[in-house]
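Remarks on the overall topology
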2 protein chains.
Amino acid sequence: MLPEEHCRREEQLDDGGSARHRNGTHKRPKLEDVATRVGLSTASVSLVLRGVPGPSERTRERVLRAAADLGYQVDRTASTLASRRSRLLGVMVDIHSPFHAELVEHLHTAAEEVGYDLVLSTLTRTRDEHTAVETLLAFRSEALILLGPTAPADALVALDNKAPVIAVGRRIAGAALDVVRTADDDGVGQIVDHLTGLGHREILYVDGGKGVIATDRRRGYRTAMRRHGQGDHVRVVAGDHTEGAGARAVRHLLDGPRLPTAVVAFNDQCAIGVLAALARAGVAVPGEVSVVGYDDDTLSRLSCFNLTTVSQSAREQARHAVTAAVERLDRDRIEPREVVLAPHLVLRGTTAAPA
Amino acid sequence: MLPEEHCRREEQLDDGGSARHRNGTHKRPKLEDVATRVGLSTASVSLVLRGVPGPSERTRERVLRAAADLGYQVDRTASTLASRRSRLLGVMVDIHSPFHAELVEHLHTAAEEVGYDLVLSTLTRTRDEHTAVETLLAFRSEALILLGPTAPADALVALDNKAPVIAVGRRIAGAALDVVRTADDDGVGQIVDHLTGLGHREILYVDGGKGVIATDRRRGYRTAMRRHGQGDHVRVVAGDHTEGAGARAVRHLLDGPRLPTAVVAFNDQCAIGVLAALARAGVAVPGEVSVVGYDDDTLSRLSCFNLTTVSQSAREQARHAVTAAVERLDRDRIEPREVVLAPHLVLRGTTAAPA
DNA sequence: ACCAGGACTTAAAACGCTTGAAATTGTCCT
DNA sequence: AGGACAATTTCAAGCGTTTTAAGTCCTGGT
């Protein structure tokens, strides 16, 4: 039998892998199916499919064609196992956070550019950081990008032993960990600068609770107020990261003797709550009270809120996080690095000079 | 050498797998490491770790102990490959949607109960449904749960050949696919019933664009208006699923001769936009205008909005979706099933009798 | 005619786990 | 003591890729 003929025979042997599974699902074609279809070894097919130089042009075309015909798709699990690399970055997110959503979006593009994929694991009411991270590890993530982790520093350091950890958005007290964040105190400082520049004195701060981030922002507020000689006007009301907190804070204020001329909220969600409550109470913004948020998340940009806020540059943070991971994985960086980005004020419609 | 002694020797042979990788990362312990540590075969260890009956109590304890000591964690990729089952449900979500966030939360708990895990793949501006689904398949998801897919019905059917597809939240015209959704037209109908019951006649609808869901809701509005003899008052203004659309719609209305007495928005986000714009314009809600949303997502529940809306019972939809997947995978169900849940009105503070 | 060297290909050994069959050990009878 | 049987444990063959070392074929040069 001539080799050419043999080959031709094989190419027509099967009908394209349309064998149906008992549940009606086609069985997934594998490398071998593609290989026998073109009469080559799985090795060659693998080479072609990964774009490794070596196979001839003719082979390349035939393989690509056959793979397309069969609807072949590489099996990640198998290739991860074989290559001992998953090329996967594990990302822990709070699925309810709009800001995280933004980060994930940019992480995706950044990761893709350097040839990595993302696997997401989300925090929910019934799913804590521990399980989220375990999941990521079970998928063999090569690095862990944790968005706003709340775990104690030493737990994160321990984790870092299993896979490089990149903490995003949170300061970690002198730990040997990669951190990407913005200078939260500086951000709030900029807000206060802006407001005092407009002539505000009575600037109230709606707090964000007990996390590290909240602490930094609160400190930024206090420091800036004192810097402007407004130490006496420092006023912090309890709150958290939700719209509800903002609304409660306003109700609390309305009970008091008089309103401050400006309200700075821990984040945008909280600020939206403030805005909504003020609107309902018939208080003009920014006419009577100026309001500022933090995060520049999708909500704040909406024309209906048009909130002055501080941008955390999700895009930049995402890029730095991915870069940090890649440096660890592909460039053997050992020393931890902390990237602190400068936040910047986004002036929109909720701030103006006091009446 | 006595067997007992041999065994003891081996248990002390290594130090717990603390060998450090060049990047400072511990190398991941494998089944074999646990096995040699307790002087057993990997088969036994595997059995114990998966809780398969067979191994003796003593063995069980020793293995569990050793695994914990080493910090052993099963490698999903390897076990998926070996067992030819990933026990993974692929979920496609729009990471910016609060409603999807809710669904994911419930999907997680539902999946866990039946021994499956979730892998999430998200839609972003630069990541379309196709890539999202490819990713899911590359992870070897056994079934695909697509939240609000926009792909044409035939594309979904084609996909269903590769892995069972469960479309959530969207009607699919008579396709051979599993669908879990709520009766959107009925939901909007309930809203109109409620409003007319309160005495409203001029009820305006802010549309959601051109998706199937938007079509159903719009139809529900029209039908219900006619049913109540208010066909003349049917009025639909263009919009979409964002706060911006709601706000624009209101600005448009304010330019007109006079306001309707009630506004029904395509979804909660849109309704929030309506609410914000009305508040800014000094229009009292529900005093002058009643507002209703759709989805009962986290935003609407906030006291600062306290939006009357329709609940899509995320929890129930999630459960049904997981059940559908499991029936396909473990119980060989072949015939497609459509689960249509009844939505229910959630009365809150933004509706009242017209002035 | 022969061989070096390049251009392609491929055989086969991992990768870390699961699993059905086979082997081992122990127990209880007779 | 011998055997049957149940309880444990292990063997070894995969799973679908990757990857390295080893081929196979040509092409030219001598």
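Residues numbered from 1 in each chain as written. Chains lettered and ligands numbered in written order. Predicted model: local features only at pLDDT ≥ 70, side-chain atom pairs only at ≥ 80, totals over all residues.

Description of the overall build of chain A
Threshold: A run of H or I in DSSP counts as a helix once it spans at least four residues, and a run of E counts as a strand once it spans at least two, with each numbered from the N terminus. For this measure, only C-alpha atoms enter the radius of gyration; the expected value for a globule follows 2.2 Å times N^0.38, where N is the number of residues. Any residue whose C-beta has 12 or fewer other C-beta atoms within 10 Å is treated as exposed, any with 20 or more as buried, and any in between as partly exposed, C-beta atoms being built from the backbone. It is the C-beta atoms, placed from the backbone, that decide contacts: two residues are in contact if theirs lie within 7 Å.
Of the regular secondary structure elements, chain A holds 14 helices and 12 strands. Since a compact globule built from 355 residues should have a radius of gyration of about 20 Å, the 27 Å found for chain A marks it as more spread out than a globular shape. Burial status across chain A gives 50% buried among its 355 residues. Within chain A, contacts between residues separated by at least 24 positions form 68% of all contacts whose residues are at least 6 apart in sequence.

Side note on the relation of the copies chain B and chain A
Here is the rule: Residues below a pLDDT of 70 in either copy are left out; the C-alpha atoms of the rest, at least 70 in both, set the least-squares superposition of the copies.
By a simple turn and slide, chain B fits onto chain A: the slide is 0.0 Å along the axis, the RMSD is 0.1 Å, and the turn is 180 degrees. Accordingly, the operation relating the two chain copies is best matched by a two-fold axis. When C-alpha distances to the rotation axis are compared across chain B, the minimum falls at threonine 77 of chain B, with a value of 2.3 Å. Comparing interface residues between copies, 100% of those in chain B also lie at the interface in chain A; the contact surface is shared.

Quick look at helix 2 (residues 31-38) of chain B
A turn of α-helix holds 3.6 residues, and therefore any two residues three or four places apart point the same way. Cut-off, in case you're wondering: Throughout, the arc means that of the directions going from the helix axis to the C-beta atoms.
Within helix 2 of chain B, burial applies to Leu31, Val34, Arg37 and Val38 of chain B. What you see down the axis of helix 2 of chain B is that its buried residues fit within an arc of 130 degrees, all on one side.

A look at the environment of glycine 187 of chain A
Among the secondary structure elements, glycine 187 of chain A is positioned in helix 9 (residues 184-198). Overall, glycine 187 of chain A belongs to the buried group, with 23 C-beta atoms counted inside 10 Å.

Regarding the domain arrangement of chain A
It is common to give the size of an interface as the accessible area that goes away when the parts come together. Residues and elements named next belong to chain A. Heads up, the condition is: Each domain's limits were defined by an automated method or a database of domain assignments. Under the scheme applied, nonpolar residues are Ala, Val, Leu, Ile, Met, Phe, Trp, Tyr, Cys and Pro; charged residues are Asp, Glu, Lys and Arg; polar residues are all the others, including Gly.
Entries for chain A in the domain assignment read domain 1 (3-74), domain 2 (86-182 + 314-341) and domain 3 (184-313). Taking the mean C-alpha position of each, domain 2 and domain 3 sit 29 Å from one another. Listed per partner, the contact involves 13 residues of domain 2 and 12 residues of domain 3. Listed by contribution, the elements that provide at least two residues to the side of domain 2 that touches domain 3 are helix 6 (98-113) and helix 14 (314-330). Classifying every residue of the side of domain 2 that touches domain 3 gives 4 nonpolar, 4 polar and 5 charged.

Focus on the sheet that holds strand 7 (residues 235-237) of chain B
Residues and elements named next belong to chain B. Operational definition: A pair of strands is considered paired only if DSSP assigns at least 2 bridges between the two. For helices, the fitted axis covers only the stretch in contact; all axes are lines through C-alpha atoms, and the angles between them, taken along N-to-C directions, range from 0 to 180 degrees.
Read across the sheet, 4 strands follow the order 7-6-8-9 without closing on themselves; strand pairing throughout is parallel. Each edge of the sheet is formed by a strand with only one pairing partner; in this case those strands are strand 7 and strand 9 (290-292). On average, each strand axis in the sheet is inclined to that of its neighbour by 20 degrees, with strand direction left out of account. Of the pairings in the sheet, the one linking strand 6 (residues 203-206) to strand 8 (residues 262-265) comprises 4 bridges and is parallel in character. Bridge assignment links tyrosine 205 to a residue of strand 8, and that residue is valine 264. Its contacts with the sheet place helix 11 (residues 243-255) against strand 6, strand 7 and strand 8, and it is angled at close to 140 degrees to strand 6.

Considering the interface of chain B and chain A
In this complex, chain B contributes 53 residues to the contact, which on the side of chain A involves 53 residues. Sorting the residues of the side of chain B that touches chain A by element identifies helix 5 (76-83), helix 6 (98-113), strand 2 (117-123), helix 7 (129-138), helix 11 and helix 12 (268-280) of chain B as the ones contributing at least two each. Split into classes, the residues belonging to the side of chain B that touches chain A amount to 21 nonpolar, 19 polar and 13 charged.

Overview of the nonpolar core
Proteins that are soluble and globular tend to have nonpolar side chains buried together. The condition is simple: When buried Ala, Val, Leu, Ile, Met, Phe, Trp, Tyr and Cys residues are joined through C-beta atoms within 7 Å, the set is termed a nonpolar core.
Core analysis: the largest hydrophobic core is formed by 95 residues, its most contacted members being Ile145 and Ile166 of chain A together with Ile145 and Ile166 of chain B. When near neighbours in sequence (up to four residues on either side) are disregarded, isoleucine 145 of chain A contacts Leu89, Gly90, Val91, Leu107, Ile166, Val168, Ala321 and Ala325 of chain A. Core analysis: the second largest hydrophobic core is formed by 80 residues, Met225 and Leu253 of chain A together with Leu253 and Val292 of chain B among them.

Remarks on the protein's contact with DNA strand C
Note the threshold: As used in this record, a residue near a molecule or strand is one whose C-beta atom, placed from the backbone, is within 6 Å of it.
In the vicinity of DNA strand C, 27 residues are found, and the nearest of them are Lys30, Leu31, Ser46, Ser79 and Ala82 of chain B. Taken together, the elements giving at least two residues each to the surface near DNA strand C come down to helix 3 (42-49) and helix 5 (76-83) of chain A together with helix 2, helix 3 (42-49) and helix 5 of chain B. Top element by residues in the surface near DNA strand C is helix 5 of chain B. It accounts for 5 residues. Residues of the surface near DNA strand C, tallied by class, amount to 13 nonpolar, 9 polar and 5 charged.

Quick notes on the protein's contact with DNA strand D
Residues in close proximity to DNA strand D total 26 residues, the closest being Leu31, Ser46, Ala78, Ser79 and Ala82 of chain A. Those elements giving two or more residues to the surface near DNA strand D turn out to be helix 3 and helix 5 of chain A together with helix 3 and helix 5 of chain B. Element by element, the count of residues in the surface near DNA strand D is highest for helix 5 of chain A, at 5 residues. Its residues assigned to classes, the surface near DNA strand D shows 13 nonpolar, 9 polar and 4 charged.

Concerning the environment of arginine 125 of chain A
Residue and element names in this part refer to chain A. With respect to the element layout, arginine 125 can be found in the loop between strand 2 (117-123) and helix 7 (129-138). Residue arginine 125 is classed as exposed on the basis of its 9 C-beta neighbours within 10 Å. Sequence separation between arginine 125 and glycine 115 is 10 residues; the distance between their C-alpha atoms is 33 Å.

What about the sheet that holds strand 7 (residues 235-237) of chain A?
Residue and element names in this part refer to chain A. The strand order across the open sheet formed by 4 strands is 7-6-8-9, and the pairing between neighbours is parallel. Each of the sheet's edge strands pairs with one partner strand only, and the pair in question is strand 7 and strand 9 (290-292). Adjacent strand axes in the sheet meet at a mean angle of 20 degrees when their direction is disregarded. This element, helix 9, spans strand 6 (203-206), strand 8 (262-265) and strand 9 of the sheet and lies at about 170 degrees to strand 8.

Describing the pairing of strand 3 (residues 143-147) of chain B
Residues and elements named next belong to chain B. Where we set the bar: Throughout, right-handed denotes a crossover for which the path from the first strand over the helix to the second runs clockwise when the strands point away from the viewer.
Of all 5 residues in strand 3, 5 are buried; the element is thus mostly enclosed. Side-chain alternation along strand 3 places Ala143, Ile145 and Leu147 on one buried face and Leu144 and Leu146 on a second face that is also buried. Sheet analysis places strand 1 (residues 88-94) next to strand 3, joined by 4 bridges and oriented parallel. Across the sheet, residue valine 91 finds its bridge partner in strand 3, namely isoleucine 145. Regarding the hand of the β-α-β motif, the stretch spanning strand 3, helix 8 (residues 153-160) and strand 4 (residues 165-168) is right-handed.

Examining helix 5 of chain B
Restricting attention to buried positions, one finds in helix 5 of chain B the residues Arg76, Thr77 and Thr80 of chain B. What you see down the axis of helix 5 of chain B is that its buried residues fit within an arc of 100 degrees, all on one side. Seen from the open side of helix 5 of chain B, the exposed residues pointing more than 90 degrees away from its buried face are Ala82 and Ser83 of chain B. As for helix 5 of chain B, its buried residues are in contact with helix 5 and helix 7 of chain A. In the stretch just after helix 5 of chain B, arginine 84 of chain B is the one whose phi turns positive, near 55 degrees.

Overview of the pairing of strand 4 (residues 165-168) of chain A
All names here are of chain A. Residues Val165 and Ala167 of strand 4 are buried on one face, and the alternating residues Ile166 and Val168, pointing to the opposite face, are buried as well. Here 4 bridges tie strand 3 (residues 143-147) to strand 4, and the two strands are oriented parallel to one another. For leucine 144, the partnering residue across the bridge sits in strand 4 and is valine 165.

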